[in-house]
Amino acid sequence: MAQFLELPPLTSDTIWAIINEEIDDTMVNQLVWYYLGYQYNPETDQWDGTNADPHWKEDYPEPPDFIESRPATIKLTRSIPAENKQMLKETLGFKGYKIGEFTPRHTRRATMANWLLSQMRIMKLI
């Protein structure tokens, strides 16, 4: 597992930093893990799924690397409520990536950003 990094606050600026690749993949994964209920244990230097969302800890006792795992990213996409699926575009005005710079990694980061934005709405942070 990746070493724990201090997580940035869950704000629109953080979501833009994910989209603009100003936050590295490890940090983005850890943000999603945290909001899925995984907890970092500094004694073992690992993320623990004991208190994670039951739908996640059943399939992923250890948190998945969303950048590397297409199935985990698909599950994350499906977990976004229908009314929140277009939040990057509707809330932040994100127009998508340009042709030629668009890769599966970009898609997965955008999915993670949209999921986090959806969590912000659910938690009434926006």
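Structure first, text after, so check above.
Here the residue index of a chain counts from 1 through its sequence in written order. Local features in this predicted model are restricted to residues whose pLDDT is 70 or higher, and side-chain atom pairs enter the listing and the counts only when it is 80 or higher, whereas totals over whole chains, interfaces and linings include all residues. Think of the side-chain values as coming from all heavy atoms in the structure, minus any hydrogens and water.

Moving on: the nonpolar core. Here the nonpolar core consists of buried residues drawn from Ala, Val, Leu, Ile, Met, Phe, Trp, Tyr and Cys, with membership extended through side-chain atoms lying within 4.5 Å. Per-residue accessibility, obtained with a 1.4 Å probe over protein chains only, is compared with the maximum for each type, and a residue is labelled buried under 20%, exposed over 50%, and partly exposed between these values. Ile15, Ile18, Val32, Tyr38, Phe66, Leu88 and Leu116 are the most contacted members of the largest nonpolar core, which totals 34 residues. A run of H or I in DSSP becomes a helix once it reaches four residues, and a run of E becomes a strand once it reaches two; helices and strands are each numbered from the N terminus. Where this core is concerned, the elements lending two or more residues are α1 (12-19), α2 (25-36), α4 (70-78), α5 (87-92) and α6 (104-122). Ranked by the residues each element gives to this core, the list is headed by α6, at 7 residues. What makes two residues a contact is simply this: any of their non-hydrogen atoms within 4.5 Å. With sequence-adjacent residues up to four places away left out, Tyr38 is seen in contact with Trp33, Trp47, Asp48, Gly49, Ala52, Trp56, Lys57, Tyr60, Pro61, Glu62, Pro63 and Pro64.

We now examine the packing of α4 against α6. In this analysis an axis means a line fitted to C-alpha atoms, helices contributing only their contacting stretch, and an angle means the value between N-to-C directions, from 0 to 180 degrees. The geometry of α4 relative to α6 is characterised by a closest axis approach of 10 Å and an angle of 35° between their N-to-C directions. The two elements α4 and α6 cross, and the hand of that crossing is left-handed. Touching Arg70, Thr73, Leu76 and Thr77 of α4 are Arg108, Thr111, Met112 and Trp115, all from α6. Its residues assigned to classes, the contact of α4 with α6 comprises 3 nonpolar, 3 polar and 2 charged. By definition, any crossing whose near helix is turned counterclockwise from its far helix by less than a right angle is left-handed, and any crossing with a clockwise turn is right-handed. Classes in brief: Ala, Val, Leu, Ile, Met, Phe, Trp, Tyr, Cys and Pro nonpolar; Asp, Glu, Lys and Arg charged; the others, Gly included, polar.

Moving on: the pattern of salt bridges. The salt bridge definition used is simple: a Lys or Arg side-chain nitrogen within 4 Å of an Asp or Glu carboxyl oxygen. One pass over the full model with this rule turns up 4 salt bridges. Here Asp25 ties to Arg105 by a salt bridge, and the two come within 3.0 Å at their closest N and O atoms. With Asp25 in helix α2 and Arg105 in helix α6, the pair connects residues that are 80 residues apart, well separated along the chain. Classification of Arg105 by relative accessible area gives partly exposed; the value is 28%. Measuring nitrogen to oxygen at the nearest pair gives 2.5 Å for the salt bridge that ties Asp25 to Arg109. Residue Asp25 is located in helix α2, and its partner Arg109 is located in helix α6; the two are separated by 84 residues in the primary sequence. Residues joined in a network through salt bridges with shared partners are Glu21, Asp25, Arg105 and Arg109.

Space inside and on the surface of the protein is sampled on a 1 Å grid over the protein atoms alone, with a cavity defined as a set of points where a 1.4 Å probe fits but cannot get out and a pocket as an open set with protein on both sides within 12 Å along at least 5 of 7 lines; lining residues have an atom within 4 Å of a point. Grid points are joined across faces, edges and corners, and a volume is the space filled by probe spheres set on the points. The space that makes up the largest pocket amounts to roughly 280 Å³. Around the largest pocket sit 15 residues that line it, and Lys85, Leu88, Ala110, Thr111 and Asn114 are the ones nearest its centre. Broken down by secondary-structure element, the contributors of at least two residues to the lining of the largest pocket are α5 and α6. Of the residues forming the lining of the largest pocket, the biggest block, 4 residues, is contributed by α6. Per-class residue counts for the lining of the largest pocket are 7 nonpolar, 6 polar and 2 charged.

Next up on the list: α1. Buried within α1 are the following residues: Thr14, Ile15, Ala17, Ile18 and Ile19. On its buried side, α1 packs onto α2, α5 and α6. Of the residues flanking the end of α1, it is Glu21, one or two places downstream, whose phi is positive at about 60°.

Once that is clear, we can look at the side chain of Thr73. With respect to the helices and strands, the residue Thr73 is situated in helix α4. Any N or O atom pair separated by 3.5 Å or less is treated as a polar contact, with the protein-specific requirement of one donor-capable and one acceptor-capable atom, and with residues adjacent in sequence counted only for side-chain atom pairs. Polar side-chain contacts of Thr73 include one of 3.0 Å to the backbone oxygen of Ser69. Setting aside its immediate chain neighbours within four residues, Thr73 contacts Phe66, Arg108 and Thr111.

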